[in-house]
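# Commentary on secondary and tertiary structure
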Amino acid sequence: MIKSPRGTRDLLPPDTALWNFVEAAVREVFQAYNFHEIRTPIFESTELFARGVGEDTDIVSKEMFTWEDRGRAESDKGQSLTLRPENTAGVVRAYIEHKLWDRGLSKLFYIGPQFRRERPQKGRYRQFYQIGAEVIGPAAAGSQSPARDAEILELLATLLDRVGIVNWKLELNSVGCPADRAQFNEALRQALAPVVATMCADCQRRAVTNPLRVFDCKVPEDQPIIETFPTISQFLDEACRTHYEEVKNILNAVQIPYVENNRLVRGLDYYTRTAFEFTHGALGAQNAILGGGRYDGLSEALGGPAAPGIGFAIGEDRLVLSLTTSAESVVRKPDVYIAPLGAGMNREAARLARELRRHDLVVDLGDDSFRLKKSFEAADKMAGRYILIVGENEVKADAFAIKHLASGEQVTVPRAELAQWFLRKK
Ligand code: HAM
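What counts and how
Residues numbered from 1 in each chain as written. Predicted model: local features only at pLDDT ≥ 70, side-chain atom pairs only at ≥ 80, totals over all residues. Heavy atoms only, no water. Domains from an automatic or database assignment. Salt bridge = Lys/Arg side-chain N within 4 Å of Asp/Glu carboxyl O. Helix = DSSP H or I, 4+ residues; strand = E, 2+ residues; numbered from the N terminus. Buried < 20%, exposed > 50% of the residue type's maximum accessible area, 1.4 Å probe, protein only. Arc of directions from axis to C-beta. Contact = heavy atoms within 4.5 Å. Near = heavy atom within 4 Å. Polar contact = N/O pair within 3.5 Å; in protein donor to acceptor, adjacent residues only side chain to side chain. Areas by Shrake-Rupley, 256 points an atom, 1.4 Å probe, with all protein chains shown as cover. Nonpolar A, V, L, I, M, F, W, Y, C, P; charged D, E, K, R; others polar.

## Notes on the domain arrangement of the protein chain
We note that the domain assignment places domain 1 (15-177 + 237-322) and domain 2 (332-425) within the protein chain. Put simply, the middle of domain 1 and the middle of domain 2, counted by C-alpha atoms, are 48 Å apart.

Now the structure itself:
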């Protein structure tokens, strides 16, 4: 048997109803905040992620699905391509490519699959789905304002409440600007020097290439050492400190609860100033339901103009795992199951189904080779509400027997009144 590749899964009904419920709700929330959808390719040139996300991050150094293009055209040959491990770099690439700065502030959202070669476990997959948003634009359009950071965080609180996720926790930090980071990295180098030999191989590499990334370390033995290291909060300059304070002031004003975590640096290199994660207890080890932050230098790092930005991505798989709503409760069951009885009734059943579906009723239908008992079983199995019987007598009388499956009650309704009758019963 051929199975789906490791770390990927099939999403089947009725679970897909839950995914659609989430996506419909988030689309409404995005609309209320004046965000518009962007769709970028699922693969991009590898260089985009190396430059955007950062060579020393776990994502780029270990987890990407990368291949060399075998295209016949000279321009394709040897080009290194990668399945997107995240979508911020792609959105900023599109921002630059299409000169979106002409439009002022871009408020964009996306929903789609991402790919990382991670060790699969609950809440962690190799193909997973993100619901994300990015606010990016020239500083003159207000893209750098702490009001944007607070708006994003307030949107997230609304969105989680809207889909029925309670008990989330917002962890907040400021990772400063590149000048702060240079000083912080220097302080980290000094703190690492006497202890790095006792740490894991990844940390030994990070100590040389990008000391900040030691905070990504998950090795239990290294944690007590990392606990003793300085934190970025001690190195924030005046402007970053003021920005951070204002974000917190607005959050207090709109009553969004948060906890500060000065060790939160996020696993991607592009972050500046605000960084955040929302966690949820139901998720176990992979408890980050979403993450995001500001990336004021990303556009320039990718060869574009100055374009400060902030965004987030929700792990949709994890969001669905945290829901208390069941798939059964959001799936639309058939309002009516049409049972053609006896030879030649399929045509009549099809006409009736077409008519009722025009009225936005959910209709399914059987086959005239079924006995009545089999039709009832089929209707029961799909949890239909009513069964409508189409036999020769009904067709002659132009009125049809309708039976309520749960109670067994039966009525006869003239053809012309059928749709209205079912709509009244919805
Ligand atoms: P990230 O923290 O790498 O950030 O991913 C965001 C969320 O995607 C995580 O919090 C998690 O819920 C989900 N996620 C990540 N990896 C997996 C996986 N292997 N399986 C299931 N879910 C996963 C970003 O991707 C940034 N682009 C977010 C952002 C947007 N920052 C600014 N704008």
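What follows picks up the thread again.
## So, the pattern of salt bridges
Applying the stated criterion across every chain, the model contains 28 salt bridges. Linking D269 and R213 is a salt bridge whose minimum nitrogen-to-oxygen distance equals 2.5 Å. Of this pair, D269 sits in the loop between β8 (259-260) and β9 (272-280) while R213 sits in the loop between α7 (201-209) and α8 (223-227); the two residues are 56 residues apart in sequence, bridging distant segments of the chain. For E260, the salt bridge identified is with K248, shortest N-O distance 3.1 Å. Residue E260 is located in strand β8, and its partner K248 is located in helix α9 (residues 238-253); the two are separated by twelve residues in the primary sequence. Overall, the relative accessible area of 8% leaves K248 in the buried class.

## Considering helix α16 (residues 418-425)
Buried within α16 we find L418, A419, W421 and F422. For α16, the angular spread of buried residues about the axis comes to 160°, placing them on one side. Structurally, α16 contributes buried residues whose contacts are with β12 (336-340), α13 (346-357), β14 (386-390), β15 (399-404) and β16 (410-414).

## Details of the site of the ligand
Surveying the vicinity of the ligand reveals 26 residues, the closest of which are E86, T88, E118, Y125 and Y271. A distance of 2.9 Å is found between an oxygen atom of the ligand and a side-chain nitrogen or oxygen belonging to R116. G315 has a polar backbone atom sitting 3.3 Å from an oxygen atom of the ligand. Against a free-state accessible area of 660 Å², the protein chains account for coverage of 96% of the ligand. Of all elements in the fold, only β6 (127-136), β10 (288-294) and β11 (309-315) reach the threshold of two or more residues within the shell around the ligand. Looking at the shell around the ligand residue by residue, the class counts come to eleven nonpolar, eight polar and seven charged.

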